[in-house]
Amino acid sequence: MSRESRLLEKERGQVNFNVEELTNIYDGGAEETKLRRKVADVIQNDPEVRCKDIGMMTREERYIDGVRRCVYLYKVLLPREGWTPVSKEVSHILRFCMSFGVHAGVFIPCLLSFGSDEQIAKWLPLAMQFQIIGTYAQTEMGHGTFLRGLQTTATYDKKNKEFVINCPEISAMKWWPGDLGKSANHALLMAQLVIDGKKYGMHPFMVQIRDLTTHMPLPGITVGDIGNKVGFETTDNGFLHLNQVRIPRENLLCKNAEVKPNGTYLTKASDKMVYGSMVRLRAIILESEAVSALGKACTIAVRYSLVRCQGELEPGKPEVSVMEYMTQQKKLLPYVAMTYVTHFACLKLSNQYNAFTREMDNNDISGLPELHALSAGMKAVVSEQCSDGIEILRKSCGGHGYSNASGIPIIWSSAVACCTYEGENTVMLLQCARLVHGMASYNAWNQSSVELVNVVKAHITQFIVTTFASGITELECTKPVKNVLQQLCALYALSCINASTGDFLKVGYLSPRQCDLAHEAELELLSCIRPNAVGLVDAFDFSDDLLQSCLGAYDGNVYERLFAWAKKSPLNKTEV
Ligand SMILES: CC/C=C\C/C=C\C/C=C\C/C=C/C(=O)SCCNC(=O)CCNC(=O)[C@H](O)C(C)(C)COP(=O)(O)OP(=O)(O)OC[C@H]1O[C@@H](n2cnc3c(N)ncnc32)[C@H](O)[C@@H]1OP(=O)(O)O
Ligand SMILES: Cc1cc2nc3c(=O)[nH]c(=O)nc-3n(C[C@H](O)[C@H](O)[C@H](O)COP(=O)(O)OP(=O)(O)OC[C@H]3O[C@@H](n4cnc5c(N)ncnc54)[C@H](O)[C@@H]3O)c2cc1C
């Protein structure tokens, strides 16, 4: 056993709470843990679909690997295991990053949100069996945030009972939709509806873009991949230009509004229902795309920091693990706390979303404005805090943190996108401010928007802390687990306060002495939590396969893994 493995084993011996109990709480119960592990075992024991190290792959190899694994998953593995795309098991499969995230996670749910019963009956079975592969095409080259500015039009042709879809200029081209570039043959396309020269705003249309046999683009369609990005390498974000493309009248997804054969426009629900898909995604992607990513980065950085020996605390004494340095504890442990605290706040948000969908089934959408405000604010605050944290955790691993061998750069490159998609964060914060504080006149409004953004960040952080604090109070668990959760709650709250003492001092909410006390209390908590650090990240229960990290493996064998990984570099195929 290597020295590093022995160090980690010693650390695990001093954890003072039941790690399995905390895993069960994090998962939402022992049965959930059992289900998640069963799925992980099935995935990891099937070489056709298990996670592999993509660190050395080209962009094209990563895309092809993601598509191949995904098709195998749906065509072979799910039927073999007796699982359907809506089985609970599949919700755990999304953790194993593959392609078709937008098809499965956006296109299909939006079809269910916007389609009539007949339209769902027509397209859903095809989508579930991948006979059609869809994208959600809303954003254009020239507009992403300002939806009322979208330029793609859908003009109703009464004579032929068709819509004519057109991108009037280059900036109207759809740009960014995931799975669009090479995979999708259909698009759930958002366009401005026009009837007899009158504009009715953004509406959803089902548009076939490729031939189902040859996969060639249909007439009037120009489609392709937008090129290399910061991350999301397994996803072919694409461009789509439509030149006078005709679709049947029946392809307007008409749960909320329809156009009669004679061109009469009939609305059936609030025009805000068209925004529903964005509320849903903001409410449910945070856990899988931001918080889970932070948990992986914490696992890697904590395990590595416990085995990385560097320097002496006392001259002449043996080298210590970098986790003994208070600065390292300050870098890592508040983000371990954030993972737990935001995980449970996101759970509350998704529960609120599910409650809203039940109200919506009874035609009650009165809760939509509040849910829009909370989901927009949470999406902005949590995605930013998590992605900022992942970068701090990467830097805390020194040089090896800068290598793909650590696994953290790939984790960060995917998580940070959550600050932009589904609503750019600043815009989301301002939406939350508007709904929480009311809309002043546009000029007073723009002049105060910088402060409003900060006010909303504080508002949402307070929601996160109070949600977790009340959740712990109600939680039935052993005392050691409750104690460590209370420490994490206090650490997250204090780290947020200490990052903003200026605001508290400015308004006289805290005195300078109280600010000193808050700072001292945080340092004391770091020391209290330090002995449990490895147990807290072990409780996330990320397998080595999921982490794909030479620094964060469960056994701590960092150096052997690093060297074995480097030797696989394509540059090492030849000595010269
Ligand atoms: C489980 C998932 C699995 C896999 C997926 C994995 C990864 C996903 C990766 C990528 C997917 C990404 C997809 C996308 O990015 S899709 C595109 C997302 N785009 C956006 O979010 C656009 C953001 N812009 C907006 O939301 C609006 O334009 C904005 C709200 C910013 C401004 O609206 P507008 O300009 O129309 O004016 P306002 O006066 O501000 O609003 C009008 C009115 O409507 C209300 N409103 C606005 N938005 C919403 C909403 N979402 N829900 C409810 N209500 C909304 C707003 O409050 C105003 O109401 P009122 O005051 O009563 O007039
Ligand atoms: C990885 C990834 C995947 C994506 N997947 C999809 C997809 O599947 N389907 C899809 O339709 N789209 C997708 N998108 C596009 C995404 O939804 C948009 O990029 C996003 O909505 C932001 O819009 P934008 O790019 O036009 O930014 P802009 O709105 O142009 O933002 C640029 C800057 O302007 C500021 N700004 C804009 N408006 C305001 C305002 N009113 N007040 C104050 N500041 C403002 C913003 O804060 C930002 O700083 C994806 C994007 C990414 C990165």
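The name given to the protein chain in an unreviewed UniProt entry is Acyl-coenzyme A oxidase, with the source organism recorded as Ciona savignyi. Recorded under Sequence similarities (unreviewed entry), the UniProt text for the protein chain is reproduced unchanged: "Belongs to the acyl-CoA oxidase family." Per UniProt, the protein chain has the following entry under Subcellular location (unreviewed entry): "Peroxisome".

K.L.:
Mind laying out the site of ligand 2, listing which residues take part and the relevant values?
P.N.:
Around ligand 2 sit 21 residues, and of these Tyr136, Thr139, Thr145, Gly178 and Glu424 come closest. Gly144 places a polar main-chain atom, nitrogen or oxygen, 3.1 Å from an oxygen atom of ligand 2. The backbone of Gly178 places a nitrogen or oxygen atom 3.0 Å from an oxygen atom of ligand 2. For ligand 2, the protein covers 62% of the area, taking 970 Å² as the surface of the free molecule. Element by element, the count of residues in the shell around ligand 2 is highest for helix 13 (residues 425-437), at three residues. For the shell around ligand 2, the two domains that each supply at least three residues are domain 1 (134-267) and domain 2 (273-538).

K.L.:
Before we move on, could you go through the site of ligand 1 and cite the residues and values that matter?
P.N.:
Ligand 1 sits among 28 residues. The nearest are Thr145, Tyr275, Arg282, Gln431 and Arg434. Contacts to ligand 1 include Tyr275, whose side-chain N or O atom sits 2.9 Å from an oxygen atom. Within the complex, the protein chains bury 81% of what would otherwise be the 1,300 Å² of accessible surface of ligand 1. At the level of elements, helix 6 (101-114), helix 8 (276-307), helix 10 (368-395) and helix 13 are the ones that each hand at least two residues to the shell around ligand 1. Residue contributions to the shell around ligand 1 peak at six residues, all from helix 8.

Criteria and cut-off values
- Residues numbered from 1 in each chain as written.
- Chains lettered and ligands numbered in written order.
- Predicted model: local features only at pLDDT ≥ 70, side-chain atom pairs only at ≥ 80, totals over all residues.
- Heavy atoms only, no water.
- UniProt positions renumbered as here; feature names shortened; annotations may be inferred.
- Near = heavy atom within 4 Å.
- Polar contact = N/O pair within 3.5 Å; in protein donor to acceptor, adjacent residues only side chain to side chain.
- Areas by Shrake-Rupley, 256 points an atom, 1.4 Å probe, with all protein chains shown as cover.
- Helix = DSSP H or I, 4+ residues; strand = E, 2+ residues; numbered from the N terminus.
- Domains from an automatic or database assignment.

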